[in-house]
Amino acid sequence: MDIELLNEFFVLSKSLNYSKTAEQLYMSQSVLSRHIQNLENQLGVELFRRTKHSVELTHIGSVLAKDIEPIITQYAQAMNHVHMFKNGALGSIEIIASYTLSALFAYDFLPEFNKKYPGIQIHMSIEEPGPMVKQNILENKTDVTIMLDWTDNVSSDIGIKKFFKNHFFVFIADTHPLAQKNQFTIEELSNIPMVYLSPRESLCSIPYFEKIFTRHNAVYNPAVPATSIEDLFVKVLKGDGLSILSEPVFKYAPARIKKIRITSPDAYIDTNLIYNKKSTNASIPVFVHEFSLFTQAYQQQYPYL
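Residues numbered from 1 in each chain as written. Predicted model: local features only at pLDDT ≥ 70, side-chain atom pairs only at ≥ 80, totals over all residues. Heavy atoms only, no water.

**Details of the overall build of the protein**
Just so we agree on the cut-off: Here a strand is any run of E in DSSP of at least two residues, a helix any run of H or I of at least four, and the numbering for each starts at the N terminus. The reference for a compact globule is 2.2 Å times residues^0.38; the radius of gyration itself is calculated from the C-alpha atoms. Accessibility here uses a 1.4 Å probe with only protein chains present; expressed as a share of the type maximum, an area under 20% marks a residue as buried, one over 50% as exposed, and anything in between as partly exposed.
Helices and strands together make up the secondary structure of the protein, namely ten helices and eleven strands. In summary, the protein has a C-alpha radius of gyration of 31 Å against a globular reference of 19 Å for 305 residues, an excess of more than 25%. Taking the principal axes of the C-alpha coordinates as reference, the protein spans close to 100 × 35 × 30 Å. Every one of the 305 residues in the protein was classed for burial, and the buried ones make up 44%.

**A short note on the pattern of salt bridges**
Using the following cut-off: Within this document, salt bridges are pairs made up of a side-chain nitrogen of Lys or Arg and a carboxyl oxygen of Asp or Glu, the two lying within 4 Å of each other.
In this structure the tally under the stated criterion is 14 salt bridges. A salt bridge links Lys 211 to Asp 152, with the nearest nitrogen and oxygen atoms 3.0 Å apart. You can see Lys 211 sitting in helix H8 (residues 199-215) and its partner Asp 152 sitting in the loop between strand E5 (144-148) and strand E6 (158-173), a full 59 residues away along the chain. Between Glu 247 and Lys 259 there is a salt bridge whose closest N-O contact spans 3.0 Å. Here the residue Glu 247 occupies a position in the loop between strand E9 (243-246) and strand E10 (257-261), and Lys 259 occupies one in strand E10, the gap between them amounting to twelve residues. Taking the relative accessible area as the measure of exposure, Lys 259 reaches 27% and is therefore partly exposed.

**Quick look at the packing of helix H1 (residues 3-15) against helix H3 (residues 29-43)**
Worth spelling out the cut-off: Orientation is described by lines fitted to C-alpha atoms, with helices fitted over the stretch in contact, and by angles between N-to-C directions that extend from 0 to 180 degrees. Angle categories: roughly parallel below 35 degrees, roughly antiparallel above 145, roughly perpendicular from 65 to 115, and oblique for all the rest. For a crossing to be left-handed, the near helix must be turned anticlockwise from the far one by less than a right angle; the clockwise case is right-handed. In what follows, residue pairs with any heavy atoms lying within 4.5 Å of each other are defined as contacts. Note that Gly is not counted as nonpolar here; it falls among the polar residues with everything else outside the nonpolar set of Ala, Val, Leu, Ile, Met, Phe, Trp, Tyr, Cys and Pro and the charged set of Asp, Glu, Lys and Arg.
Contact pair H1 / H3: the axes reach a minimum separation of 10 Å and the direction vectors enclose 110°. With respect to their mutual orientation, H1 and H3 come out roughly perpendicular. In terms of crossing hand, the pair formed by H1 and H3 is left-handed. From H1, Leu 5, Leu 6, Glu 8, Phe 9 and Leu 12 reach across to H3, where they touch Leu 32, His 35, Ile 36, Asn 38, Leu 39 and Gln 42. Considered class by class, the residues forming the contact of H1 with H3 number seven nonpolar, three polar and one charged.

**Brief notes about the nonpolar core**
Operational definition: Among the buried residues, those of types Ala, Val, Leu, Ile, Met, Phe, Trp, Tyr and Cys that are joined through side-chain atoms within 4.5 Å form a nonpolar core.
Judged by nonpolar contacts, the single largest core of 26 residues is most densely connected at Trp 150, Phe 168, Leu 189, Tyr 220, Ile 244 and Ile 262. It is H8 that provides the largest number of residues to this core, a total of six residues. If we skip the residues at most four places from it in the chain, Tyr 220 touches Met 194, Tyr 196, Ile 206, Phe 209, Glu 210, Phe 213 and Ile 244. Counting 22 residues, the second largest nonpolar core, distinct from the first, contains Ile 120, Leu 273, Val 286 and Val 288.

**Points about helix H6 (residues 109-116)**
Defined as follows: Here the arc refers to the directions that run from the helix axis out to each C-beta atom.
Within H6, burial applies to Phe 109, Leu 110 and Phe 113. Taken around the axis of H6, the buried residues stretch over an arc of 85°, which confines them to a single face.

**Some details on the side chain of Thr 271**
Just so we agree on the cut-off: In protein, a polar contact requires one atom able to donate a hydrogen and another able to accept it; more generally it is a pair of N or O atoms within 3.5 Å, and residues adjacent in sequence count only if both atoms are side-chain atoms.
You can see Thr 271 is positioned in strand E11 (residues 268-276). Separated by 2.4 Å, the side chains of Thr 271 and Asn 166 make a polar contact.

**A closer look at the environment of Lys 235**
Among the structural elements, Lys 235 can be located in helix H9 (residues 229-238). For Lys 235, a relative accessible area of 17% puts it in the buried group. Separated by 41 residues in the primary sequence, Lys 235 and Met 194 have C-alpha atoms spaced 10.0 Å apart. Excluding residues that lie within four positions of it along the chain, Lys 235 makes contacts with Val 195, Val 224, Pro 225, Ala 226, Asp 240 and Gly 241. Within the structure, Lys 235 has its side chain in polar contact with the backbone oxygen of Pro 225 (distance 2.7 Å).

**Some details on H1**
Two residues of an α-helix separated by three or four positions point the same way, owing to the 3.6 residues in each turn. Here is the rule: Expected span, for any helix, means 1.5 Å times one less than how many residues it has.
Between the first and last C-alpha of H1 there are 19 Å, a value that for 13 residues agrees with the 18 Å anticipated at 1.5 Å per step. The complete set of buried residues in H1 reads Leu 5, Leu 6, Asn 7, Glu 8, Phe 9, Phe 10, Val 11, Leu 12 and Ser 13. Its buried side turned inward, H1 meets helix H2 (18-24), H3, strand E1 (48-50), strand E2 (55-57) and helix H4 (59-86). The N-capping residue of H1, defined by a side-chain oxygen 2.9 Å from the backbone nitrogen of Glu 4, is Asp 2.

Right, dumping it as structure tokens:
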């Protein structure tokens, strides 16, 4: 039996008015009357008593209306879920964010997003960036990544939304001979031993820094690997070398480490939202749109980024 016929009967059982019901269901009164008559013929019972001035339920009509109410409610809920799913308001998104950047958006953006789209479940994991970030997005191993964007784009199917610009700073021990400087240029950092973070991240960061230094006819010298951010800070404090990092990392730095800005205009890296434009996950465009609005407001609030 057509569930739509039962739904039309149920709506009419509540209003007992063909004209109002037809208007509510976006159909003509004559079509509604024909549908109800069709339902009565299928069931072999009279569901309504009709006079020139009134419509009332028969006994079996009342029983049927009561019995099908939970069915109609579940049907309406199911159709609403289908509509939400098609429009991206129902589903789930797997997000990967870097440890140092996640707090910059998670506490401001995600709670408001969850309020607006309670049907979208957000699953966020924290990872440091690796060389396969964009390839993993293309292979749908994750839905969205919000990280420092070290690598060149690998495909026109990769979508990128800029969050903000991370200017690079020299992290230096306050006892280092160069610690009294107010700023650095890339040229001034040529060939100075650098402490760099983790083998995995170095696969991204070293080529990125090498490109910047080459543009300035300088040499990037990644001389001292560090296994963690804490290890990096220890080696900087020991005087093993300097380190080039973005400002968000500084909140984790010991007091004896100074940060000094690199003023060369290309000494920065973007934090981007990265996603697959051809993904079949309908919730991703919703997330990207809302994140774009958030980043616009964020950039207005912090125009110096």
